[in-house]
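# Structural features, examined
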Amino acid sequence: MTTTPLPASGYIGRFAPTPSGPLHLGSLVAALGSWLDARAAGGRWLLRIEDIDPPRCPPGAIDQIYRQLEAFGLEWDGEIRHQSARGAAYQAALDHLVADRMAYPCGCSRREWQQHGHYPGWCRHGSRHPERAQAWRLRTDKGIQPVYWQDRLFGSQCLDPTAQGDVVLKRKDGLWAYQLAVVVDDAEQGITDVVRGFDLLDNTPWQRQLQAALNYPEPRYLHLPLVLGEDGQKLSKQNLAAAIPHDVTSARPVLHQALQLLELAPPAALRQAEVTTQLAHALAHWSPETMVATPGRKPG
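So, here's what we can say about the structure. (Residues numbered from 1 in each chain as written. Predicted model: local features only at pLDDT ≥ 70, side-chain atom pairs only at ≥ 80, totals over all residues. Heavy atoms only, no water.)

Position of Arg252 among the secondary structure elements: in helix 7 (residues 248-261). Buried charge without a salt bridge: Arg252, with Glu274 as the nearest opposite-charge side chain at an N-O distance of 4.4 Å. Side-chain polar atoms of Arg252 contact the backbone oxygen of Gln272, separated by 3.4 Å. Contacts of Arg252, omitting those with residues within four sequence positions, involve Arg271, Gln272, Ala273, Glu274, Val275 and Gln278. (Helix = DSSP H or I, 4+ residues; strand = E, 2+ residues; numbered from the N terminus. Buried < 20%, exposed > 50% of the residue type's maximum accessible area, 1.4 Å probe, protein only. Lys, Arg positive; Asp, Glu negative; His and termini not counted. Salt bridge = Lys/Arg side-chain N within 4 Å of Asp/Glu carboxyl O. Polar contact = N/O pair within 3.5 Å; in protein donor to acceptor, adjacent residues only side chain to side chain. Contact = heavy atoms within 4.5 Å.)

Structure follows, in structure tokens:
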């Protein structure tokens, strides 16, 4: 396994958007928090494009994301990784899990198990529907249970992956699922710190089980409060959240708003300042451990 060279600080972070559309304010806050954490530590910040689901990735979305990040001054280090080109690495990891009986084929449909709230592991000892197309699932009843970890903002965490169900690693249509892909790439790229939204906190148990099963190191985790809309739901592409600008001048007030959401209290005088000036102020005041640990907040 090849890894990204460590900087002097030893810190390597990343931002990994799904190119299903342009970035919005919520994804900007996640990118900004990740970038600030890496730069404040004197580390590297990598960009990874999670394009493992081509039907959800419209043409031009990836280039638009690049332009948006550049407009906000969020420069990345090294080459950009595209998960769509990583199938061989994911297959090797899945083969390892299958050999260790940590993964199994499953032909069950969501309609058959949805009343249980999560997949109950019916196919762990043999597929109930071998005549159907098969997904591959992680056995959550093996490995670490429950999973403990220390989140840098939300503190001590303990979740039981068996209560969350046996998550899909490879879909019935042959496409790779997020949980396996993100773990393989984080390990191969030497990611030491994962900074992402609170909505992914409960994904951590599955990822910790996979890291242990594949003999990967465990990164530190920092889950940031989500940006909420007026309806109290998190901003997302699914609910048509507005795209952030991709030109430098329009980015300035939006950056100021994002820094407020990260509790960095940027002075009002910086609202129209160049993004480099705003980012310099933010870096000098970045202290995620002192943020209020809330799952989400609305823009002021």
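Following the structure, the description resumes.
To continue, consider the packing of helix 3 (residues 87-99) against helix 5 (residues 178-188). Two elements in contact, helix 3 and helix 5, have axes whose closest approach is 10 Å; the angle formed by their N-to-C orientations is 105°. Classified by the angle their axes make, helix 3 and helix 5 are roughly perpendicular. Between helix 3, through Ala89, Tyr90, Ala93, Leu94 and Leu97, and helix 5, the contact on the second element is made entirely by Leu180, Ala181, Val184 and Asp185. Taken together, the residues that form the contact of helix 3 with helix 5 break down as eight nonpolar, no polar and one charged. (Axes fitted to C-alpha atoms, helices over the stretch in contact; angles between N-to-C directions. Parallel < 35°, antiparallel > 145°, perpendicular 65-115°, else oblique. Nonpolar A, V, L, I, M, F, W, Y, C, P; charged D, E, K, R; others polar.)

Using the criterion set out here, one finds six aromatic pairs in the structure. Centre to centre, the rings of Tyr66 and Trp76 are 5.8 Å apart; their planes meet at 40°, and the pair counts as tilted. Of this pair, Tyr66 sits in helix 2 (residues 61-71) while Trp76 sits in the loop between helix 2 and strand 3 (81-82), and the two are ten residues apart along the sequence. Assessed through its relative accessible area of 15%, Tyr66 is described here as buried. Seen in terms of ring centroids, Phe154 and Phe198 are 4.8 Å apart; in terms of plane orientation they differ by 45°. Their pairing is tilted. Residue Phe154 is found in the loop between strand 6 (147-151) and strand 7 (155-159), and its partner Phe198 is found in the loop between strand 9 (193-197) and helix 6 (204-213); the two are separated by 44 residues along the sequence. Taken together through their ring pairs, the aromatic side chains of Trp113, Tyr119 and Trp122 make up a single cluster. The ring of Trp122 is capped by Arg128, whose NZ or CZ atom sits 4.3 Å from the centre of that ring. The ring of Tyr119 is capped by Arg137, whose NZ or CZ atom sits 3.9 Å from the centre of that ring. (Phe/Tyr/Trp six-rings, centres within 6.5 Å; stacked < 30°, edge-to-face > 60°. Lys NZ or Arg CZ within 6 Å of the ring centre and 35° of its normal.)

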